Amino acid sequence: MSKTILVTGGAGFIGTHTCIKLIESGFDVLVLDNFSNSSPESLKRAESITGHSIPFIEGDINDAALLDEIFAQHAIDVVIHFAGLKSVGESVQQPLRYYHNNVSGTLVLCDAMQRAGVKNLVFSSSATVYGDPASLPIGEDFPTSAINPYGRSKLMIEELLADLYRADPEWNIALLRYFNPVGAHPSGLIGEDPAGIPNNLMPYIAQVAVGRRAHLTVFGGDYPTPDGTGVRDYIHVMDLAAGHVQALLWLEHRRGIKAFNLGTGQGYSVLDMLKAFEQACGKSLPYQLAERRPGDVASCYADPQLAAKELNWRAELDVQAMCADAWRWQSENPDGY
Ligand code: NAD
Ligand code: UFG
């Protein structure tokens, strides 16, 4: 019998792409999303890509009664927990909202899972938990720290999940630390659709390419990197989605809690990404150099060997594929969903 996966935040950017990979891998999927940063349209499109219906419940992970009802009515095997707010700047302005949504929401979810006896969890963590790394590439055993409420919410959740496991070793938890997810499904039907002005590099570049923004502002040209601009480990969202399928397979025969980096292990600068996007869209894209953005690190890229060894997972898609797929999505859906 196929396993049923409850996907919180399954209508979001990474969630929809992961639902597709899950369905293609033979899992049954049930989405719980409050649509605070998404809409049912993304799920409709994922349905047309897979040819399968994707059942969803509109609701909040902070709603304990709703969660009890979901676990009573569906034989859930594993929860993949994407639901969360993710804007660093917003988290500085509205810390309580971030802690309430991300940290309390995870507590309410874990409580309901415990009541229902569902103790298999895949959690969306972030490379942000490494703070400013002392060296590169970053291994999972590096010290963790946080410099903003968003990052702190991820770190608090990782720590509370570790406590949960210590108290009850029946829990089985994969902490997936994503580096910089970009790209889109190759169909061009789904992709990243940020509300308002994009905070992140790739959606911003894509909006410049499609004519929604005049130019890219490059935050900092004086970092100790080859061209002076910030270096990151960009990972195609389809590779990231595949990493979740591998994490589910890992949970089937391992007990415990473990953190895995999901990255390519390659660092690319802001200007590298701009050039790659110019090639993908066939236009030259204007940019202006500006001051560093507060809180940014110079360079951040993963050592992805643990995921290769234990999850049997490696990123396969390169920067050209990331840009080509992001451009297909953006050019065919200039205003998003
Ligand atoms: P997203 O905003 O596109 O998706 C998150 C989804 O969760 C949205 O559909 C939103 O409506 C839903 N949601 C938020 N709060 C909820 C709540 N209380 N109850 C129910 N649904 C709720 O973001 P994403 O990029 O797909 O990120 C998914 C996860 O991965 C997040 O936890 C994020 O912090 C983490 N992450 C993202 C990145 C990135 O750069 N995109 C990097 C590292 C980690
Ligand atoms: N950048 C620009 N101009 C922009 C946007 C970004 O120059 O308009 C630069 C940044 O300064 C940085 C790089 O592009 O050097 C990448 O910035 P992003 O905002 O795209 O990504 P970050 O590495 O800052 O952060 C992202 C997510 C975090 C997550 C982190 C690690 O936003 O939530 O990756 O996974 F924690």
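Located above this text is the structure these notes cover.
Keep in mind it's a predicted model, so treat the numbers as computed, not measured.

Asks: So what's going on with helix H9 (residues 270-281)? Residues and values would help.
Replies: Taking 1.5 Å per residue as the helical rise, H9 with its 12 residues ought to reach 16 Å, and the 17 Å between its terminal C-alpha atoms agrees with that figure. Check the buried side of H9 and you find it contacts helix H7 (201-209), strand S8 (216-219), strand S10 (234-236), strand S12 (268-269), strand S13 (287-290) and helix H11 (319-332). Gly 282 sits one or two residues past H9 and shows a positive phi near 70 degrees.

Asks: Kindly report on the packing of helix H5 (residues 95-116) against helix H6 (residues 149-167), identifying the contributing residues and their values.
Replies: Helix-helix packing is described using two parameters, namely the angle between the two axes and the distance between the axes. Running from amino to carboxyl end, H5 crosses H6 at an angle of 20 degrees, the nearest separation of the two axes being 9 Å. By the angle between their directions, the pair H5 and H6 is classed as roughly parallel. Crossing of H5 against H6: the hand is right-handed. The residues of H6 that touch H5, namely those facing Pro 95, Tyr 98, Tyr 99, Asn 102, Val 103, Thr 106, Leu 107, Cys 110 and Gln 114, are Pro 149, Tyr 150, Arg 152, Ser 153, Met 156, Ile 157, Leu 160, Leu 161 and Leu 164.

Asks: Quick rundown of the site of ligand 2? Include the residues and the values.
Replies: Of all residues adjacent to ligand 2, which total 20 residues, the nearest are Ser 126, Phe 179, Asn 200, Arg 232 and Asp 296. Between Arg 232 and ligand 2, the recorded distance is 2.7 Å, taken from a side-chain N or O atom to an oxygen atom. One nitrogen or oxygen atom from the side chain of Asp 296 is found 2.6 Å from an oxygen atom belonging to ligand 2. Calculation on ligand 2 without its partners gives an accessible area of 680 Å², and the protein chains cover 89% of this total. If you tally residues by element for the shell around ligand 2, the top one is S8, at four residues.

Asks: Describe the pairing of strand S6 (residues 172-178), and please don't skip the residues or the numbers.
Replies: For a regular strand, the rule is simple: side chains alternate between the two faces of the sheet. S6 sits mainly inside the fold: seven of its seven residues count as buried. Both faces of S6 are covered, namely the face carrying Asn 172, Ala 174, Leu 176 and Tyr 178 and the face carrying Ile 173, Leu 175 and Arg 177. In the sheet, strand S5 (residues 120-126) pairs with S6 via seven bridges, with the strands oriented parallel. Following the sheet pairing, Val 122 is matched in S6 by Ala 174.

Asks: Describe the side chain of Ser 153, naming the residues involved and giving the relevant values.
Replies: Summarising the element assignment, Ser 153 is placed in helix H6. Of the polar contacts made by the side chain of Ser 153, one reaches the side chain of Asn 102; its length is 3.2 Å. Side-chain polar atoms of Ser 153 contact the backbone oxygen of Tyr 150, separated by 2.7 Å. Leaving out residues up to four positions away in the same chain, Ser 153 has contacts with Tyr 99, Asn 102 and Val 103.

Asks: Just give me the short version of the packing of aromatic side chains, but keep the residues and values in it.
Replies: One pass over the full model with this rule turns up five aromatic pairs. When the ring of Phe 277 is compared with that of Trp 327, the centres are 6.1 Å apart and the planes differ by 80 degrees; the resulting orientation is edge-to-face. Of this pair, Phe 277 sits in helix H9 while Trp 327 sits in helix H11, placing them 50 residues apart in sequence. Overall, Phe 277 belongs to the buried group, its relative accessible area being 0%. Residues Trp 329 and Tyr 337 carry aromatic rings whose centres are separated by 4.9 Å and whose planes lie at 50 degrees to one another, so their mutual orientation is tilted. The exposure class of Trp 329 is buried, given its relative accessible area of 3%. Residue classification places Tyr 337 among the partly exposed residues on the basis of a relative accessible area of 29%. Cation over ring: Arg 292 sits above Tyr 223, and NZ or CZ is 4.1 Å from the ring centre.

Here is what the cut-offs are and how they apply
- Residues numbered from 1 in each chain as written.
- Chains lettered and ligands numbered in written order.
- Predicted model: local features only at pLDDT ≥ 70, side-chain atom pairs only at ≥ 80, totals over all residues.
- Heavy atoms only, no water.
- Helix = DSSP H or I, 4+ residues; strand = E, 2+ residues; numbered from the N terminus.
- Expected span 1.5 Å × (residues − 1).
- Contact = heavy atoms within 4.5 Å.
- Axes fitted to C-alpha atoms, helices over the stretch in contact; angles between N-to-C directions.
- Parallel < 35°, antiparallel > 145°, perpendicular 65-115°, else oblique.
- Left-handed = near helix turned anticlockwise from the far one by under 90°.
- Near = heavy atom within 4 Å.
- Polar contact = N/O pair within 3.5 Å; in protein donor to acceptor, adjacent residues only side chain to side chain.
- Areas by Shrake-Rupley, 256 points an atom, 1.4 Å probe, with all protein chains shown as cover.
- Buried < 20%, exposed > 50% of the residue type's maximum accessible area, 1.4 Å probe, protein only.
- Pairing = 2+ DSSP bridges.
- Phe/Tyr/Trp six-rings, centres within 6.5 Å; stacked < 30°, edge-to-face > 60°.
- Lys NZ or Arg CZ within 6 Å of the ring centre and 35° of its normal.

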